[in-house]
Every structure is written in structure tokens, then in C-alpha cells.
Amino acid sequence: MTRILQLAAPIAAALLLVGCTPVAPAPPSDAASSSSPSAAPSATAAPSPEAVDPASFLLEGTPGIPDADGMWSGHYGFFTDASKSVRCDLYIFSGDSGGVNCAITLGNESLRTYTVPADIPAECDLSASNATDGYSVGISFKVFDTGSAGFTGCRSWQEQTDPAIVAATKVLSETQILTVESATESFTCTVAAGVADCSEATSGASIRFGTGVATFQG
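Residues numbered from 1 in each chain as written. Predicted model: local features only at pLDDT ≥ 70, side-chain atom pairs only at ≥ 80, totals over all residues. Heavy atoms only, no water.

## With respect to the pattern of salt bridges
Thinking step 1. Tallied over the full model, the rule gives 6 salt bridges.
Thinking step 2. Close ionic contact of Arg87 with Asp89 constitutes a salt bridge, the shortest N to O distance being 2.7 Å. Note on accessibility: Arg87 and Asp89 belong to one class, buried.
Thinking step 3. Through salt bridges with shared partners, a single network forms among Glu109, Glu123, Asp133 and Arg155. (Salt bridge = Lys/Arg side-chain N within 4 Å of Asp/Glu carboxyl O. Buried < 20%, exposed > 50% of the residue type's maximum accessible area, 1.4 Å probe, protein only.)

## Description of the sheet that holds strand 10 (residues 186-192)
Thinking step 1. Taking strand neighbours across the sheet as the criterion, the 6 strands line up as 1-9-10-11-12-13 in an open arrangement whose pairing is mixed. Here the strands that pair on one side only, and so sit at the sheet edges, are strand 1 (50-51) and strand 13 (213-217).
Thinking step 2. In terms of strand pairing, strand 10 meets strand 11 (residues 195-200) through 6 bridges, oriented antiparallel. Within strand 11, the position partnered with Thr188 by the bridge is Ser199. (Pairing = 2+ DSSP bridges. Helix = DSSP H or I, 4+ residues; strand = E, 2+ residues; numbered from the N terminus.)

## Observations regarding the pairing of strand 13
Thinking step 1. Sheet topology places strand 12 (residues 206-210) next to strand 13; 5 bridges connect them, and they run antiparallel. Counted as the bridge partner of Phe209 is Ala214 from strand 13.

## Remarks on the environment of Lys142
Thinking step 1. Tracing the chain through its elements places Lys142 in the loop between strand 6 (136-140) and strand 7 (149-151).
Thinking step 2. Put simply, Lys142 and Gly99 are 43 residues apart on the chain and 9.2 Å apart in space, counted from C-alpha to C-alpha.
Thinking step 3. In contact with Lys142, other than residues within four places in its own chain, are Asp96 and Ser97.
Thinking step 4. Of the polar contacts made by the side chain of Lys142, one reaches the side chain of Asp96; its length is 3.2 Å. (Contact = heavy atoms within 4.5 Å. Polar contact = N/O pair within 3.5 Å; in protein donor to acceptor, adjacent residues only side chain to side chain.)

## Some details on the nonpolar core
Thinking step 1. In terms of nonpolar packing, the biggest core is built from 31 residues, with Phe78 and Leu90 touching the most fellow members.
Thinking step 2. Ranked by residue count, the leading element in this core is strand 4 (residues 86-93), at 4 residues. (Core = buried A, V, L, I, M, F, W, Y, C linked by side-chain atoms within 4.5 Å.)

## Some remarks on the environment of Ser56
Thinking step 1. Of note, Ser56 is situated in the loop between strand 1 and strand 2 (58-61).
Thinking step 2. Here Ser56 falls in the partly exposed class, since its relative accessible area comes to 31%.
Thinking step 3. With 20 residues separating them in the primary sequence, Ser56 and Tyr76 have C-alpha atoms 8.8 Å apart.
Thinking step 4. A distance of 2.7 Å separates the side chain of Ser56 from the backbone oxygen of Asp53, its partner in a polar contact.

So this is what it looks like as C-alpha cells:
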């Protein structure tokens, strides 16, 4: 009898273990397994720059409309951003070549970080054919000994000091392209991050100018 009880005990324990075996969790439902995170929104592309009416940037003159002497001129201008630390001026004439000049404005000289060539004077020599003080570059077909673009212009020029001209000058935004044309020249300017890019189509001359960059070709 004792032998039978000894054999029965392990069998009963095994049955108890079988009865206590945990049940595996049910697999997730189709609804749960098919769910997925919502798609990320697509990035919005920046708008492409568009041509702006040049008349909205005209500061002086009556382009294309002769005066009593049969001549006309046009002076256009813009700031590169709301800080007004850089401005550009464009000129066209009926009987002469025009040009573009971009400069650091009066009172913002300390913002200049580009390197000025050693041969550029610190102050303008107004008796020189190309008066410059190192705070501006431009495109001109009359003042350079070689080429048609480089350091040129003075901070004391009228567009820097005339309150009426300064007040009338607007910002050219990064979504705008300004093109000013005469019979023989076509100047185009755009702005990105406060830096102006201006060029003349016929000659291929160009300048790129901001408080930290002053480059040119042509």
C-alpha cells in the first residue's frame, strides 16, 4: 500500500502543474495590427521669385519720357532687408550708359566684415575717376580702368544723405526680381538673406554684395 501511495504523489503533483500552466495571450486583432502612424505633412516649397513692376522702386526721373531737352533718366533703389544696412541704386539714361551701386549705409560701417583690397582708400578721393571708400561695389561702364565692375561709390553720395530719397526707398523682398532696362542695357537684381545679386545682361557684368560679401565680375 505504501508503494502505491509513493507512486501516486508525483502523478498528482504533475497534474497540478499542468492545470497551472499559463495561457498564451491571444494575438492582436486585425484592427489593432493594421493601424499605422499618420503620414507626416509634406514640406511647403518656397515661392519662386517673380518680376516686380520697376515703377514701384523708382526714386527719381521719368524713364522713357523726354524732358524739354529731349533727354530722360531713371534712378531706382532698394534696401536688401528691414535693417536697411545695405542699399542698392540703379541708374538708366537716354543718352548715356547707366549702372548699379550697392553700399553699406551710413551709420552701419561697423557691420562690414568682407576684406577690402589694399589699394582701396579709406576715404573717397572725389577728384578720381573712380571715387570709392571700400563700402560699396557696382557696375559701371565709365569709371573703371579695366573691366566694368568693382569697388566704386562713396557713402557721401546723394542717395545716402538725401532724406527724401532714403524715405522713399523700399525693401526688395526675396520673392521679387527687379529689372530695369534702357535701350542698350538691362540690369536685374534679386536679394537673398540680406545679400544683393545684380547683373547686366548685355555685358555679363555682375556684383554680389552684403555686409559680409563684396564680389564682382565683368
